[in-house]
Amino acid sequence: QVFDAPAIAEGTALNNAIVWLNGYSEVYKTADADMAAVLVFRHHGLPVALNDDMWARLKFGDEDKLKDPTTGEPTRRNPFVNLKPGDKDLLTFPEGGLDSLIARGATVLCCNLAVMRLAGSLAKAESIPLEKARQAMIASVLPGVIRMPSGVFATSRAEEAGCLFIRST
């Protein structure tokens, strides 16, 4: 199953993936290794696949009105990874963080066009050379996330490989 995430949408793609994995496990007794969850973060959904440093630098929480799950203030960290006990999760399932899904075997892809678009925003916001901003953006992609030429390409390839499509926004 491919979950297309062109927007953060409060982590809808993550919730959809967990619901899908848990549903098959409940009904068919499948193990995670029997499943193929593919999440594609593209366009405005890309920040879900980026580290805390980039969330702080580009203030993604302001744009999407996302609160830090611990403090309730506008988030300066990625609220979809490294969930802490006591977090007021955006996610329906406590095991639904991006890092948890990767650990369960989900394939996570992100749009390199969106990465490079945000590099332009970073260069402008911090008055740094574009190449330095590009390097910083590439370094901010979370471990286990694979950059693809575009999110459209990634989604198409997942479908060609046999995945069914769900738009997760």
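Our structure's up above, just so we're on the same page.
Keep in mind it's a predicted model, so treat the numbers as computed, not measured. (Residues numbered from 1 in each chain as written. Predicted model: local features only at pLDDT ≥ 70, side-chain atom pairs only at ≥ 80, totals over all residues. Heavy atoms only, no water.)

### Notes on the overall build of the chain
Next up, step 1: If you tally the helices and strands in the chain, you get seven helices and five strands.
Next up, step 2: Counting from the amino terminus, helix and strand elements in the chain follow one another as β-α-β-α-α-α-β-α-α-β-α-β.
Next up, step 3: Dimensions along the principal axes, computed over C-alpha positions, put the chain at roughly 55 × 40 × 25 Å.
Next up, step 4: Put simply, the chain has 169 residues, and 46% of those count as buried.
Next up, step 5: Partitioning the contacts of the chain with sequence separation of at least 6, the portion at a separation of at least 24 is 68%.
Next up, step 6: Summed over all atoms, the accessible surface of the chain reaches about 8300 Å², with 56% contributed by carbon and sulfur. (Helix = DSSP H or I, 4+ residues; strand = E, 2+ residues; numbered from the N terminus. Buried < 20%, exposed > 50% of the residue type's maximum accessible area, 1.4 Å probe, protein only. Contact = heavy atoms within 4.5 Å. Areas by Shrake-Rupley, 256 points an atom, 1.4 Å probe, with all protein chains shown as cover.)

### Brief notes about helix α7 (residues 151–160)
Next up, step 1: Where α7 is concerned, the buried positions are G151, A154, T155 and A158. In a view along the axis of α7, the buried residues occupy a sector of 95°, so they form one face of it. Of the residues in α7, the exposed ones pointing more than 90 degrees away from the buried face are V152 and E160. (Arc of directions from axis to C-beta.)

### As for the nonpolar core
Next up, step 1: Residues L39, F41, L50, L98 and M137 are the most contacted members of the largest nonpolar core, which totals 43 residues.
Next up, step 2: Taken together, the elements giving at least two residues each to this core come down to β1 (2–7), α1 (12–28), β2 (38–44), α2 (52–58), α4 (98–103), β3 (107–111), α5 (112–126) and α6 (130–140).
Next up, step 3: Those residues in contact with L39, other than ones at most four positions away along the chain, are F3, A13, L14, A17, L101, A106, T107, V108 and L109. (Core = buried A, V, L, I, M, F, W, Y, C linked by side-chain atoms within 4.5 Å.)

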